[in-house]
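# Descriptive analysis of the structure
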Amino acid sequence: MARILITSGPTRQYLDPVRYLSNASSGTMGKCLAAAAIAAGHEVVVVSGPVSVDYPPQASVVRVVSTEEMLAAAKTEFIKCDGLIGAAAPCDYRPVEVADHKIKKSGEVLMLKLVETEDVVATLGKQKRSDQWTIGFALETDDARFRAIGKLQRKNCNLVVLNGVSAIDSNFNEIEIIDQLGGTVHQSSGPKSEIAASIIQTADRLLMSVN
């Protein structure tokens, strides 16, 4: 049995007390991964952004809002885990300044200055021990496979799960799992519950059996 950290859902980067940057990630994939891992006999910790899905009651769930909070929580939990599945879609940018009051409409063009947030999977990939593994997700719109392999290498992942934008806020997904040599170790399409089970099975076969 392994102890698996799963990041799930979106994060929010507030512009003012009301408005924020985010994306349409629903947390469904993270929920399905947690259920599949538990069904396979593993212990699961979920670090989740704001979602409306319900995670399995057997999972330990840490709720966060921002990318910074997700990274901090993931760092704390990853130390106690055997592996990470980074299924979350953290917001990649945050405003340089956050207004302390609601920004009023003025009729003028509103200019936002944004900076990149720290990458959760990449940070944990750099910090992982020799007995730990990480699986990243790559959602791409063009040059998908090339970009996915680049992410795998840049984030020091053992495997990367490539999927497309059709997976966002959907119960279905189509994936390709790519290893560090750039080879395809699994392909499947269907309901996210079945996709999640296939990801856990692949991790069991290639990663957990050798740790």
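The structure under discussion appears in the preceding block.
What counts and what doesn't
Residues numbered from 1 in each chain as written. Predicted model: local features only at pLDDT ≥ 70, side-chain atom pairs only at ≥ 80, totals over all residues. Heavy atoms only, no water. Helix = DSSP H or I, 4+ residues; strand = E, 2+ residues; numbered from the N terminus. Contact = heavy atoms within 4.5 Å. Polar contact = N/O pair within 3.5 Å; in protein donor to acceptor, adjacent residues only side chain to side chain. Pairing = 2+ DSSP bridges. Expected span 1.5 Å × (residues − 1). Buried < 20%, exposed > 50% of the residue type's maximum accessible area, 1.4 Å probe, protein only.

Its location among the elements puts His-101 in the loop between β7 (93-95) and β8 (114-116). Between the alpha carbons of His-101 and Pro-10 there is a distance of 24 Å; along the sequence they are 91 residues apart. Here His-101 is in contact with Asp-16 and Pro-17, once residues within four sequence places are set aside. Within the structure, His-101 has its side chain in polar contact with the side chain of Asp-100 (distance 2.8 Å).

Bridge count between strand β10 (residues 159-163) and strand β11 (residues 172-179): 4 bridges; the pairing is antiparallel. Within β11, the position partnered with Val-161 by the bridge is Ile-177. As judged from the 7 bridges shared by β11 and strand β12 (residues 184-191), these two strands associate in the antiparallel manner. Within β12, the residue paired with Ile-175 across the bridge is Ser-188. Remark: 4 residues form the turn of the hairpin made by β11 and β12, two consecutive strands paired antiparallel; Gly-182 in that turn has positive phi of roughly 85°.

Glancing now at helix α2 (residues 67-78). A rise of 1.5 Å per residue sets the reference length of α2, with its 12 residues, at 16 Å; its end C-alpha atoms lie 16 Å apart and thus fit the reference within 8%. For α2, every residue scored as buried is listed here: Thr-67, Met-70, Leu-71, Ala-73, Ala-74, Glu-77 and Phe-78.

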